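Results of the structural survey
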Amino acid sequence: LPPGGNNGLAIRSPQGEGDAAYKAMELQVLDDTHPKYSDLKPYQAHGSIYGLAPARKGYLRPTGEWNYQEVTVDGDRVVVRLNGFEILNANLDEVRQKPIDGNEHPGAFRSSGHFGFCGHSDPVEFRNVRIKRIER
């Protein structure tokens with residue numbers, strides 16, 4: 001992440017339909033330590049499911065250094081591990097019933113869809129991206 005960088009991971013996204021934060025689920029990827037984000041809501045911090053579930057803060061490496069993040073989406077459970085620390089462990093069945101941002105999030109009810117990056121015009125870089133299907 002560059003200083004103040006902002007992006008996201010679209011989870012279970014319908015292809016080419018609207019804002020991933022609502023039509024899918026967006027996992028925040030941003031420098032939530034930057035002064036321009038001093039008024040962030042907890043559900044907007046890095047690793048959070050935007051509008052639905054806040055992640056624990058304080059585990060990002062300094063801007064300009066690589067972070068290692070692992071996301072597991074298994075049924076109604078979303079877990080985010082950042083640099084070896086669990087920062088989010090959310091039960092979608094609980095959080096989608098009454099979104100904490102007060103908006104409708106129909107994407108939180110989706111059980112499948114595409115993965116993507118939610119660009120916000122910042123030069124955020126990703127490497128070694130892998131997707132593994134959970135076999136039942």
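We now turn to the structure provided with this report.

Cut-offs and rules
- Residues numbered from 1 in each chain as written.
- Predicted model: local features only at pLDDT ≥ 70, side-chain atom pairs only at ≥ 80, totals over all residues.
- Heavy atoms only, no water.
- Pairing = 2+ DSSP bridges.
- Helix = DSSP H or I, 4+ residues; strand = E, 2+ residues; numbered from the N terminus.
- Axes fitted to C-alpha atoms, helices over the stretch in contact; angles between N-to-C directions.
- Phe/Tyr/Trp six-rings, centres within 6.5 Å; stacked < 30°, edge-to-face > 60°.
- Buried < 20%, exposed > 50% of the residue type's maximum accessible area, 1.4 Å probe, protein only.

**Some thoughts on the sheet that holds strand β3 (residues 69–74)**
- Spatial ordering of the open sheet is given by β3-β4-β5, a layout of 3 strands whose pairing is antiparallel. Edge positions in the sheet fall to β3 and β5 (85–91), since each has one partner strand and no second. The mean angle between the axes of side-by-side strands here comes to 10°, regardless of whether they run parallel or antiparallel.
- Judged from the 6 bridges that link them, β3 and strand β4 (residues 77–82) form a sheet pairing that is antiparallel. Residue pairing across strands places V73 opposite V78, the latter belonging to β4.

**Details of the packing of aromatic side chains**
- Under the counting rule described, the total for this entry stands at 5 aromatic pairs.
- For the pair Y59 and F85, a centre-to-centre distance of 4.7 Å together with 35° between the ring planes defines the contact as tilted. In this pair, Y59 sits in the loop between β2 (25–30) and β3 while F85 sits in strand β5, placing the two residues 26 residues apart along the sequence.
- Ring geometry for F117 and F126: centres 4.5 Å apart, planes at 40°, overall tilted.
- Residue class for F126 comes out partly exposed when judged on its relative accessible area of 34%.

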